[in-house]
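# Observations on the three-dimensional arrangement
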Amino acid sequence: MDHSVTNDYFISPATEKRIREIASRYRKEPHQLMNILLDIQRETSNSFPHSVAALVSRITKIPEADLYGFVSFYAMFSTKPRGKYVVRMCHSAPCHVCGAQGVMDAISKTLGIRPGETSKDGKFTLEYCQCLGVCEFAPAIMVNDTVYRNLTPGRAATLMEDYQRGDME
Amino acid sequence: MIKLTIDGLPVEVEEGATLLEAAAKLDIHIPTLCYHPDQNVKANCRICLVEMEGNKLLVPSCSYPAQNGMSIRTHSPKVRRARRNILELILARHAQDCLHCDRSGTCELQSVSEEMHFVKIPRYPYVARSAESDHSSPSVARDSAKCITCGRCEYICSEVQTVHALSKTGRGFEMQFRPVYNRPLGESICVNCGQCVQACPTGALTVRDETQVVWHTFADPGKTVVAQVAPAVRITLAEALGEPPGSISTGRMITAMKRVGFHKVFDTDFTADLTILEEGTELIDRINNGGILPMLTSCCPAWIKFCETFYPELLPHLSTCKSPQQMFGALLKTYYAEKLGILPQDILSVSVMPCTAKKFEETRPELGRNGIRDIDAVLSVQELARMIRSAGIRFDTLPDTPFDAPFGLGTGAGEIFGSTGGVMEAALRTVYELVTGKALRNIDIKAVRGLEGIKEASADMNGTHVKVAVTNGLGNARKIMDLVKAGKTDYHFIEIMACPGGCIGGGGNPIKENAMMTSRLDAVYRLDKELPIRKSHENPAVKALYEEYLGEPNGHRSHALLHTTYINRSGLLE
Amino acid sequence: MLTETRIVLRNMDKIDPVSIMDYKKRGGYQPLRKALAMKPQDVIDQMKLSGLRGRGGAGFPVWKKWSITSAAPGDKKYVICNADEGEPGTNKDRVILSGDPNSVFEGMAIAAYAVGAEKGYLYLRREYPYITPILEKTLENARGEGCLGSNIMGSQFSFEIEVVSGGGAYVCGEETALIESIEGRRGEPRFKPPYPGVQGLYGKPTVVNNVETLANIPVIIERGGKWFSEIGVPNCTGTKVFTLCGNITQKGVFEYPMGTNLREIYETHGGVKDNFDLRGFMLGGQSGNLINAGQIDLAMDIDSCQHAESVLGTGTIMVIDDRHDILDIVENIMSFFIEESCGKCTPCREGNIRIYEILKRINSGQGCPEDLTLLEDLASTMNVACLCGLGQNSSVAVITSLHNFTDVYRKAIERGQRA
């Protein structure tokens, strides 16, 4: 999690409307906070920056400190804007022993970014992640909510190229 | 009752008691770090682990409930090994600069290391908790390299003060306590109350030191260094220098300060009395002329900042009176400078406070004139104690010296400003007489005294049933403010102090536990009883000041010098 | 060659997972009807007879857990399904939830009836977002058929289940951390006591059971605890859904009786591929242990494993062939714990990365014998001092590899001393 201070993330009126709609669910279902925050994150560059936390805090009455503490704990969140596609590459042991490194290198090379970075066109963010629970189909990755299984370096590169071309919309 | 054995010794405790409490009953000391008697149990440092017969895991004595028949060992080889390994892990993340740390000598990590005789170098390479050293706040200095992530600061800021300026962030090795979204503390919603400093076991959070500018100016022949001393300081200073809590040391304190180098030592109790005259007049005016009620006290800068941030719509309720500290500063740089024929910029106006928020108050742009600050430096009790020690002064054998004139006379009413309920009691002693023309039968108004979060009192004054409330601790302030906001109160006047217990519990005092507060509190009222004059409006020096210089309370000149305005800071929440 | 004993996986690939009709055709929701006609204590007695132990890794007897919550005072009680399957090498809960979600919901309902709960939550890890629609649809259908919700099957018993999400944190598989997460906080474990059974979600008595555990419940009620107790081995009854992964020819999720021999499982599923040799196994997940090829004769049940200083855990069997260097694998294992440690308690927050530092030193040829002493010393403290199972067990893989692959470490250290 990147804790460096940056300029505030700009929230457009349309996005603010969406955030208000989603955050208003909190009052009736506080146990759905995780889903609510994840849904909001989808509206704001796959991230939960300070300005978003401030807005959500006003609506839900949850202190900003608690929101910041919450999102900085869970791997699914980011405090800095991310790409349209968050590519998460598993590097737990069962993928590791099935050749995950080669797959990760191929993805990194094709996208031109290293884990933790976002591509210049803002389309891709590359991340390491831990076990995705599809070890029977290792090596595996996730792109947003979709799992890709039984990858080889070649298949992974082709998959990334498909995404880059826009074939996966 | 629960019966168990600790280190072979039998002990009986109430149901619900922890192993730590059971051991304490036997005078067996188990080291702790994250544990604090005035906070919730955290059980994260793992230093207090003990061995429980029949259990493979060691158990934290701070949280584990005593049960019948338990057999506990507090320093078995298994416990000692684990405890030492854990301490070693902490030390391998801890800045090793005890020699120049403000907390050296009172640091809990130091005590634990000493107690365990941990004298070896950790077997791991030192990895700083973070490179962050944050000196952006005028009140509190942050050094994350000394943090042991106990969470005591976040607890007091969120749960007790309800400010929520600090956040527990990140996960694992990178986990750290930071201001919200890592803004520098001085730019965050921190209200500068310094309770986090009181809660911190190490030097991770300390009072920002302003002693250097004062030492420096002592040596400048062209400058006059003038100090004012707050009511609470004469009670907590001796404690900072090793005496029991509640030791009053007014005379010795003044002697020490003179010897350290202050040219004049004045009494903030004097301007506390002045504040009562101004604020009392303001209150009477609001009650009689349909002014905004309830009126809220304005001498606590942390409370002011809290109001400006969280309740800006209630700012019109605040008294426009400056705090006693700032009234003093204004007088020093105008009336006093004129009287002595010195230029205001050649006076270093220093206040000695039990407070960290006063260090923020002194920086408020509206508190000065012509580019000259009314208060140039604020020293906390901790800093004054440091100066006295480093000047080689033995405090316990000093003779007494009185405060200097013309600002050395304070009444008992001024003195009780140091404790929660004091401002209210002082105000009532004066307002009652001003309105009814009669003195209160009993000027010891017990209803507003004590450590309870919210207290109430009322008095009939010439047909008006005046209702007042007193709160201490910002969590309690928030409760009352929510009621005021909703129009659900009928108070005329509310006293609000940010620190639990009032100024005697302030962030700049020696590190406290709530158990000490009663002693400090008792000392405040003892001092009040001993003083010859106990009502602000009877202070002859205050009367003289009005006659000679100010005119009348809330008059033109009083308003210019002794009243102020406030800022809407709710933008900090955006 | 082994054949599977499909109790948990009884309906796999035989039904449309969201269809109540399909589920009922194969006997589904009959056990719930049967349970509702029993006294709650009798339901718990059947669980005791069955000997079922938790399948999430801790192996706590289910009947005991339910008894504690049943007896605990509280105006509200909860049943939580722990679907935060985060242990690397574990796929079983994903398979169960996507293939037969009703088996889990029915198990939850029976548990709720036994302990007196009216509300249940299924905490689904965020890495399985594609399962959520299946679960929601199934719940909708089950409610529609009167199998969940108010007055189930016309009885006085009401039980509602809601699906909630994780956020990407392995530590939330720990029951108290999971509860913290549902309550909208960082998923940091609570100290115990108090136990969730008495003071759990929102301070109320709460049962937290694993997906696989719950999927067993309907069958036990239907066929009786005694029948179940005769499968597997004494004190570890029933079956285990194993996840075979790593360098084994046939990867997948398979169900065998508790106590089945590891060698037999290994051989049934093809062993390592032809041109490689077996180096060893990682058992029970990354919080489990490493054994060498010579230790393959191991009965896969909780106690036999414990006795052999192995870990059954979640039933992960990760096969390691000789392409891989053990030191590289333990480094990878520790990097997982560094990432996943919640950071609350000192020994876990600080210990995992210190172990990793030592391993890196050894692996890069800069190790010395004192490093091994330090590893053992630190691990021994983490085992007993950490707040939760994550820290208590994160060093198990390293330490067991030290004992079972001593030569690897010796050679690496010799390399270091020669340099």
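Calculation rules
The residue count restarts for each chain, going from 1 along the sequence in the order it is written. All chains are assigned letters beginning at A, and all ligands numbers beginning at 1, according to the order in which they are written. Where totals are concerned, whole chains, interfaces and linings use all residues; where local detail is concerned, this predicted model gives features only for residues with pLDDT of at least 70, and gives and counts side-chain atom pairs only at 80 or more. Any two residues are considered in contact once their C-beta atoms, placed from the backbone, lie within 7 Å. In this description a helix means any DSSP run of H or I spanning at least four residues, a strand means any run of E spanning at least two, and both kinds are numbered starting from the N terminus. Residue type decides the class: Asp, Glu, Lys and Arg count as charged, Ala, Val, Leu, Ile, Met, Phe, Trp, Tyr, Cys and Pro as nonpolar, and the leftover types, Gly among them, as polar. A residue's pLDDT is the predictor's confidence in that residue, given on a scale from 0 to 100. Think of it this way: DSSP has to see at least two bridges between two strands before they count as a pair. Here an angle of 0 to 180 degrees is reported between the N-to-C directions of two axes, which are lines fitted to C-alpha atoms, with helices fitted over the stretch in contact.

## Thoughts on the interface of chain B and chain A
Contacts between chain B and chain A engage 16 residues on the former and 13 residues on the latter. In terms of residue count, strand 8 (residues 166-169) of chain B provides more of the side of chain B that touches chain A than any other element does, four residues in total. A breakdown of the residues in the side of chain B that touches chain A according to their chemical character gives five nonpolar, six polar and five charged.

## Some points on the interface of chain C and chain A
Facing 44 residues of chain C, the contacting portion of chain A comprises 30 residues. Among the elements of the structure, strand 3 (160-165), helix 8 (175-182), strand 7 (239-246), strand 8 (252-257), strand 13 (316-321) and helix 13 (326-340) of chain C are those that each provide at least two residues to the side of chain C that touches chain A. It is helix 13 of chain C that contributes the most residues to the side of chain C that touches chain A, six residues altogether. The residue inventory of the side of chain C that touches chain A, partitioned by class, reads 17 nonpolar, 18 polar and nine charged.

## Regarding the confidence of the model for chain B
For any part of a model where pLDDT is low, the fine detail of the predicted coordinates should not be relied upon. In the predicted model, chain B carries a mean pLDDT of 96, and 100% of its residues have values of at least 70. Taken together, the chains of this predicted complex give a pTM of 0.97 and an interface ipTM of 0.96.

## Focus: unusual backbone geometry
Here the residue pair Leu293(B) and Pro294(B) is connected by a cis peptide bond, since its omega of -5° sits within 30 degrees of zero. Mapped onto the secondary structure, Pro294(B) falls in the loop between helix 9 (268-288) and strand 13 (295-296). Lys192(C) connects to Pro193(C) through a cis peptide bond whose omega is 0°. The residue Pro193(C) is located in the loop between helix 8 and strand 4 (206-210) in this model.

## Observations concerning the sheet that holds strand 1 (residues 2-6) of chain B
Residue and element names in this part refer to chain B. Taken together, five strands build an open sheet; the order of strands is 2-1-5-3-4 and the sheet is mixed. Here the strands that pair on one side only, and so sit at the sheet edges, are strand 2 (9-13) and strand 4 (59-60). Where strand 3 (residues 49-52) and strand 5 (residues 71-73) come together, two bridges link them in antiparallel fashion. From the neighbouring strand, glutamate 51 faces strand 5, where its bridge partner is arginine 73. Sheet strands touched by helix 2 (residues 77-91): strand 3 and strand 5. Its angle to strand 3, the strand with the most contacts, is close to 155°.

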